[in-house]
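Here is what each chain is made of, one letter per residue.
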Amino acid sequence: MTPSDIRLHNTLSRSKEPLPTGPDGTVRMYVCGPTVYGPIHVGNARPFVLFSLLKRFLQHSGYRVVLASNLTDVNDKIYAAAAREGVPSAELAERYGREYVADTDRLGLGRPDVEPRVTDAIPEIVDMIARLVDRGLAYAAGGDVYFRVREFPGYGALSGRRLEEMLDTDPGPAKEHHLDFALWKGRKDGEDTFWDSPWGPGRPGWHIECSAMAHAALGTDFEIHGGGIDLVFPHHENEIAQSEGADGCRMAKLWVHNEMLELGGKMSKSDGNIVLLRDALAEWPAEVLVMFFLRSHYRSKLPYGHDALAESARAAERIRNTVRGLDRALAAPGDQLRPALARSVAEARAKFAEALADDFNTPGALAALFEAVAAVNAAVDGADRPSEGQLQSVRTELATMLDLLGLGALAAPPGDDVPADVAALVEARAAARAARDFAESDRLRDAIRDLGYEVRDTPDGQQVGPR
RNA sequence: GGCGACGUGGCGAAGUGGGAACGCUGAGGUCUGCAAAACCUCCAUGAGUCGGUUCGAUUCCGACCGUCGCCUCCA
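The residue numbering used here restarts from 1 in each chain and proceeds along that chain's sequence as written. Starting at A for chains and at 1 for ligands, labels are handed out in the order in which the entities are written. Given that this is a predicted model, residues contribute local features only at a pLDDT of at least 70 and side-chain atom pairs are listed and counted only at 80 or more, while totals for whole chains, interfaces and linings are drawn from all residues. Side-chain calculation: all heavy atoms of the structure are included, whereas hydrogens and water are not.

Undergrad: Tell me about the sheet that holds strand S10 (residues 252-258), residues and numbers included.
TA: Sheet architecture is open: four strands sit in the order S4-S3-S9-S10, paired in parallel fashion. Both edges of this open sheet fall to strand S4 (64-69) and S10, since each of them pairs with a single strand only. Pairs of neighbouring strands in the sheet enclose a mean axial angle of 20°, with direction left out of account. Each pair of strands is called paired provided DSSP finds at least two bridges between the two strands. Numbering of helices and strands runs from the N terminus, with a helix taken as a DSSP run of H or I at least four residues long and a strand as a DSSP run of E at least two residues long. Note that strand S3 (residues 26-31) and S4 share six bridges and pair parallel. Within the sheet, the bridge partner assigned to Tyr30 lies in S4 and is Ala68. Throughout, an axis means a line fitted to C-alpha atoms (over the contacting stretch in the case of helices), and angles, computed between N-to-C directions, take values from 0 to 180 degrees.

In C-alpha cells, the structure reads:
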C-alpha cells in the first residue's frame, strides 16, 4: 500500500483523504486516552482497539509508526474519587493507571509506543502556557490562566461551530469570554496534587495536557490525532487552539474520531450505563471482543449487548474451525495444487487490503476474510486435498490477515493441554467406538461436554477442543 | 435554539448511479452409527416516508418522520 492508496476520514474536512506522512515517511499518531479515576469501560476500549490495529495495518503497509496515547492522571474527578476512597489523589490515579494498562493488555494488541502521564509533563505544560501568555493568547485571572478564544481566528473549525452560536453555558466570573477555557487552575481547598507555577500553585486544565504531551512526544504538524467523537468539542478544538497558538504551526494533519458504544444511549461513566472492560473480558475471550469491534465500522455507533457478543463468538468460531480443518488437512495433504483455491485466496487478500485502505473498513475486510474461509473450507472438505505447500501458504495467508485484525488467537494451535480426566474419557471413547458400542460412546461424549470440552469425530479420528 | 451523524433482509453489517457483500439465525440436502463441524441449495423485485434530478437511484438533491451524539465531565 502506498500513501495515496490508504485513505482516512478527516474530521476537519469531513471527507476521506490520503494518508499523510511525515518528512521521513513515518506516521505519528496521538490518541487521547482515559481519565483514570476508576476502571475503564468497554467504550474506552474502542479507540484503544482502533488505533492499535490501525498502527498494525500501517506498519504492515511499510510505514514506520509512532503511536502516543496519554493517561490523564490529574483532574477534578480524580480528586473527588480520592476523597471518597480516603486516599491521596496521586495514589488513586497511579492505581487506576496501572489497572488501565492491565485491562487493555488483556486485549492482546500490544501497547502504544509512548504513554505519557500528565503528572510527568508539568514543565512542558507550564512552558506552553507561558508561551501563550507571551503571545497574548492567554491571561491570568485570580490564580487561574485562561485561553483567550476570541484571539484565535480558527476557533471552531474542527467542530464546525461559530463563537456567536454557542450557548453561554460556562460563564466563570474571572473569564473575559464565556468560552475562554482554563489552561491552569489555581489550587482549591482539598486538592492534594498540585505544582508551583508563575501564576501560583495549581494544576493544568484538561486540554493543555494533550497539547503539551503531543508536542513532547511527536512534535508539531504530526500526521494523525485521534480519539472518541465526543472529544471533538471542546477538547480537540481547544487542543488545536493551544498548540497552534503556542507553536505558530499546524498541530496535526488529519483527525480521526471513533463513534460511541451504546448501552441504552452512549456508554458513559457519568451516566452510569457502563460495562467494565474487565467484566466483558471475564465473560468473553479477547478475540471475541475484538471481533465485536471489527464487525462495525469505527465511525458507526455500536450497541453493546450479549446477543452481539454471542454472534461475534460464533463468527470467530467459524474461522477457528477453518484453521483446524486446515491443520487436519496438513496432517494428510494431497499432492495437487488447486488453482481455484489459490485464486480465491489471492482475491480475498486483495479485497481485504483494499477494505482496510479505504478508511479502515473492518467489516469489509472481514467479509473478504470470510470469503477466503469459505474457499478453504470447500477445498479441504473432500478427500482430494490440496498439496502440503499450498495448504501451508494458505494457512500463512489466513494467519497474516487474522494477525492484522488482532485475531491471531484464532489461528493459534488448539493447544494440547487437555486435562487428564478429559483425555482419559477421550481414550475410553475411542475404545468404545472401536467396539462399536455407540451408547457408551455417546455417554462419554456427554461426559466430556460436561467438563467443558467438545469432541468431534473426523475421518482422522477424534478431535477435542474447549467448548 | 445551534452543529453533526445515522435509518439496508428475522438480527448484525458493508459496498455501490444500472446484478443488494459478509456474518448470525432459519429451511432443505450431502457426509456421519448419531452428533458436531464442513460442504451444496434456498431466504430483501426492495433499501424510514414522500417528492425531485436521471434513460435508470438503495446510492445524488429536497422535505418530512424517527434514532443518536456534541454544545457541561466524557473514548
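Undergrad: An account of the domain arrangement of chain A is requested, with residue identities and associated values reported.
TA: Domain parsing of chain A yields domain 1 (7-283), domain 2 (305-411) and domain 3 (420-466). Averaged C-alpha coordinates put domain 2 and domain 3 at centres separated by 28 Å. Residues are treated as being in contact if the distance between any of their heavy atoms lies within 4.5 Å. Domain 2 puts five residues into the contact, and the matching count from domain 3 is six residues. Carbon and sulfur atoms make up 30% of the surface buried where domain 2 meets domain 3, a total of about 460 Å² over both sides. Each domain's extent is set by a domain assignment, obtained either automatically or from a database. Here the quantity called buried area is the total loss of accessible area, with a 1.4 Å probe, experienced by two parts when brought into contact, counted for both.

Undergrad: Any chance you could break down empty space enclosed by the protein for me, citing the residues and the numbers?
TA: Cavities and pockets were defined on a 1 Å grid built over protein atoms only: a cavity is a set of grid points that admits a 1.4 Å probe from which the probe cannot escape, a pocket is an open set flanked by protein on both sides within 12 Å along at least five of seven lines, and lining residues are those with an atom within 4 Å of any such point. Grid points are joined across faces, edges and corners, and a volume is the space filled by probe spheres set on the points. In this structure the tally under the stated criterion is four cavities of 30 Å³ or more. No other element matches the four residues that helix H1 (residues 42-60) contributes to the lining of the largest cavity. Looking at the lining of the largest cavity, its residues break down into seven nonpolar, two polar and one charged. Here the term charged refers only to Asp, Glu, Lys and Arg, the term nonpolar to Ala, Val, Leu, Ile, Met, Phe, Trp, Tyr, Cys and Pro, and the term polar to all other amino acids, Gly among them.

Undergrad: Tell me about helix H11 (residues 362-381), residues and numbers included.
TA: By definition here, a helix of n residues has an expected span of 1.5 Å times n minus one. A rise of 1.5 Å per residue sets the reference length of H11, with its 20 residues, at 28 Å; its end C-alpha atoms lie 28 Å apart and thus fit the reference within 8%. Partly exposed residues are those whose accessible area sits between 20% and 50% of the maximum for their type, while under 20% is buried and over 50% is exposed, using a 1.4 Å probe and protein chains only. Thr362, Gly364, Ala365, Leu366, Ala368, Leu369, Ala372, Val373, Ala375, Val376, Ala379 and Val380 are the residues of H11 that are buried. The elements touched by buried residues of H11 are helix H8 (286-294), helix H9 (306-331), helix H10 (339-357) and helix H12 (388-404). Polar contact is the term for a pair of N or O atoms within 3.5 Å; when the atoms are in protein, one must be able to donate a hydrogen and the other to accept it, and sequence-neighboring residues count only if both atoms are side-chain atoms. The N-cap residue of H11 is Asn361: its side-chain oxygen and the backbone nitrogen of Gly364 are 2.9 Å apart.

Undergrad: Explain the packing of H1 against H12 residue by residue, including any values.
TA: At their nearest, the axes of H1 and H12 sit 9 Å apart, and the two run at 135° to each other. Looking at the two axes, H1 sits oblique to H12. Along the contact surface, H1 presents Leu53, Arg56, Phe57 and His60, while H12 presents Thr400, Asp403 and Leu404. Tallied by class, the residues present in the contact of H1 with H12 amount to three nonpolar, two polar and two charged. An angle below 35 degrees is read as roughly parallel, one above 145 as roughly antiparallel, one from 65 to 115 as roughly perpendicular, and any other as oblique.

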